[in-house]
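In case you want the letters, here they are:
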Amino acid sequence: MKIKVLLVDDHALMIEGVKELLGREEDMHVVGTVLHLSQLQESIETLNPHVIVMDIRLKDGNGLEWTKKMKMLYPDCKVVILSGYNYSEYIRAAKHAGASAFVVKEESILQLANAIRGAYEGFAFFPNDVDEEENISLTKMELVILKLIAQDKTNENISHSLNISRRTVEHHVSTIIKKLRVDSRVGAVVKAIKEGIIEP
């Protein structure tokens, strides 16, 4: 089944560009676009999206306030915030509002696609600088994956073991490497053992 995505942005060119690029992802289907927040609720009820990709600053409202509202009305619907501003206070506010992910517009479409996949499968996707600022360690899922890496499991093995997509595994492995500030899977395992994060 394809992930149904609803795009919310008041810039028509931006929204059409993102729609075209996401349309190339085999596991996604952009079911609709919303230029005005007044149309959002009706669009959700009509189109039943799995994931809403929403800009943070809109002409007729605040994306974060609407995220809170959507999470109350449609708790199963995930929200990915897409912003032109990589401000730590915005990222924290997005987390607090109940968003599953925060992606900066200047990042690649692959980053956005992975954030959508992760949100759909129940995982969070936020920039690492905020994690470092708040001194956040590895998440439970990242710890599980790191232990499997330590057992010489491939991404494909991990995907089957945890029943998640291979792309989601790749995203988590990339995040683990960034958080531990190493440059490889082996480096991540070595550092994690050295720091006492996992047992040797």
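As a reminder, the structure under discussion sits directly above these lines.
The rules we used
- Residues numbered from 1 in each chain as written.
- Predicted model: local features only at pLDDT ≥ 70, side-chain atom pairs only at ≥ 80, totals over all residues.
- Heavy atoms only, no water.
- Helix = DSSP H or I, 4+ residues; strand = E, 2+ residues; numbered from the N terminus.
- Rg over C-alpha atoms; globule rule 2.2 N^0.38 Å.
- Buried < 20%, exposed > 50% of the residue type's maximum accessible area, 1.4 Å probe, protein only.
- Contact = heavy atoms within 4.5 Å.
- Areas by Shrake-Rupley, 256 points an atom, 1.4 Å probe, with all protein chains shown as cover.
- Core = buried A, V, L, I, M, F, W, Y, C linked by side-chain atoms within 4.5 Å.
- Axes fitted to C-alpha atoms, helices over the stretch in contact; angles between N-to-C directions.
- Parallel < 35°, antiparallel > 145°, perpendicular 65-115°, else oblique.
- Left-handed = near helix turned anticlockwise from the far one by under 90°.
- Nonpolar A, V, L, I, M, F, W, Y, C, P; charged D, E, K, R; others polar.
- Pairing = 2+ DSSP bridges.

Draft legend 1. Fine view of the overall build of the chain. For the chain, the helix and strand inventory stands at 10 helices and 7 strands. The C-alpha radius of gyration computed for the chain amounts to 17 Å, which stays within 12% of the reference 16 Å derived for 200 residues, consistent with globular compactness. A principal-axis box enclosing the C-alpha atoms of the chain has dimensions of 55 × 35 × 30 Å. Counting over 200 residues, the chain shows a buried share of 45%. Put simply, of all contacts in the chain between residues at least 6 apart along the chain, 65% involve residues at least 24 apart. With the model as given, the accessible surface of the chain reaches about 10700 Å², and the carbon-plus-sulfur share is 50%.

Draft legend 2. Quick peek at the nonpolar core. Judged by nonpolar contacts, the single largest core of 23 residues is most densely connected at L40, I52, M54, I81 and F102. Looking at this core, the elements that each hand over two or more residues are β1 (3–8), α2 (40–47), β3 (51–55), α3 (63–73), β6 (78–83), α4 (88–97) and β7 (101–104). In terms of residues, this core owes the most to one element, α3, which gives 3 residues. For L40, the contacting residues outside a window of four places in its chain are L6, V8, V34, M54, W66 and M70. Among the nonpolar cores identified, the runner-up in size contains 20 residues, and M28, V53, A101 and F125 belong to it.

Draft legend 3. The packing of α3 against α4, seen in detail. Contact geometry for α3 and α4: axes closest at 9 Å, N-to-C directions at 20 degrees. Taken as axis vectors, α3 and α4 run roughly parallel relative to one another. Between α3 and α4 lies a crossing of right-handed hand. Here L64, T67, K68 and K71 of α3 come into contact with α4, specifically with A93, A94, H96 and A97. By residue class, the composition of the contact of α3 with α4 is 4 nonpolar, 2 polar and 2 charged.

Draft legend 4. Layout of the sheet that holds β6. Strand order across the open sheet formed by 5 strands is β2-β1-β3-β6-β7, with parallel pairing between neighbours. Strand pairing shows two members of the sheet lacking a second neighbour, β2 (28–34) and β7, which therefore form its edges. In this sheet, adjacent strand axes meet at a mean angle of 25 degrees when their direction is disregarded. When β1 meets β2, the two strands line up parallel, connected through 6 bridges.

Draft legend 5. Quick peek at the environment of S174. By secondary structure assignment, the location of S174 is in helix α9 (residues 166–179). A relative accessible area of 32% means that S174 is categorised as partly exposed. In this structure the C-alpha to C-alpha distance between S174 and E121, which are 53 residues apart in sequence, comes to 17 Å.

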